[in-house]
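These are the residues of each chain, in order.
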Amino acid sequence: MKTDQIKVNVTENKDGSATYEMLMSNQQYKVMSKVFAKSDYTIASYFKAFMENLVKEDADGPVHRWLDQLIVESGDELGVKKEAIEKAKVRIAKLKAETK
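Below: a short report on this structure. (Residues numbered from 1 in each chain as written. Predicted model: local features only at pLDDT ≥ 70, side-chain atom pairs only at ≥ 80, totals over all residues. Heavy atoms only, no water.)

What to know about the overall build of the protein
Then comes step 1: Along the backbone of the protein there are four helices and two strands.
Then comes step 2: Seen in sequence order, the protein has helices and strands lined up from the N terminus as β-β-α-α-α-α.
Then comes step 3: The C-alpha atoms of the protein give 16 Å as radius of gyration, which overshoots the globular expectation for 100 residues (13 Å, by more than 25%).
Then comes step 4: For the C-alpha atoms alone, the extent of the protein along its principal axes is close to 45 × 35 × 30 Å.
Then comes step 5: With 100 residues in all, the protein has 16% of them scored as buried. (Helix = DSSP H or I, 4+ residues; strand = E, 2+ residues; numbered from the N terminus. Rg over C-alpha atoms; globule rule 2.2 N^0.38 Å. Buried < 20%, exposed > 50% of the residue type's maximum accessible area, 1.4 Å probe, protein only.)

Below, the structure is given as structure tokens:
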């Protein structure tokens, strides 16, 4: 693994949920740990809180908008399905039209 790569493994659980495992270099882990520790988070607790907020947030909320932008900009590279990329583009265009 290159030092600038983060890999995510997804495991489908028997109950239909998923477990995510993030793999990164030791240097990346040290940097991320220090950044999160400043806000009293560990890497695991930060992502747990992130996912909990994502579930509670309105579909037009800031995290969803950020994820849509990420999907549009990097979806191909991340292996996101073409249909999901197109849906994200539509959501972004709709929000832009509503804010004009």
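Focus on the pattern of salt bridges
Then comes step 1: This structure, assessed with the given rule, holds four salt bridges.
Then comes step 2: Among the salt bridges present, the one from Lys82 reaches Asp76, with a minimum N-O distance of 2.8 Å. (Salt bridge = Lys/Arg side-chain N within 4 Å of Asp/Glu carboxyl O.)

Some remarks on the layout of surface pockets
Then comes step 1: Taken as a whole, the largest pocket holds about 1200 Å³ of empty space.
Then comes step 2: What lines the largest pocket is a set of 25 residues, and nearest its centre among them are Val8, Met22, Phe47, Leu70 and Leu78.
Then comes step 3: Of all the secondary-structure elements, those providing two or more residues to the lining of the largest pocket are β1 (6-12), β2 (18-24), α1 (26-37), α2 (43-56) and α3 (62-78).
Then comes step 4: With eight residues, the top contributor of residues to the lining of the largest pocket is α2.
Then comes step 5: Of the residues contributing to the lining of the largest pocket, the split by class is 20 nonpolar, two polar and three charged. (1 Å grid on protein atoms, 1.4 Å probe; cavity = no way out; pocket = protein on both sides within 12 Å on 5 of 7 lines; lining within 4 Å. Points joined across faces, edges and corners; volume = space filled by probe spheres on them. Nonpolar A, V, L, I, M, F, W, Y, C, P; charged D, E, K, R; others polar.)

None of this, on its own, says anything about what the molecule does.
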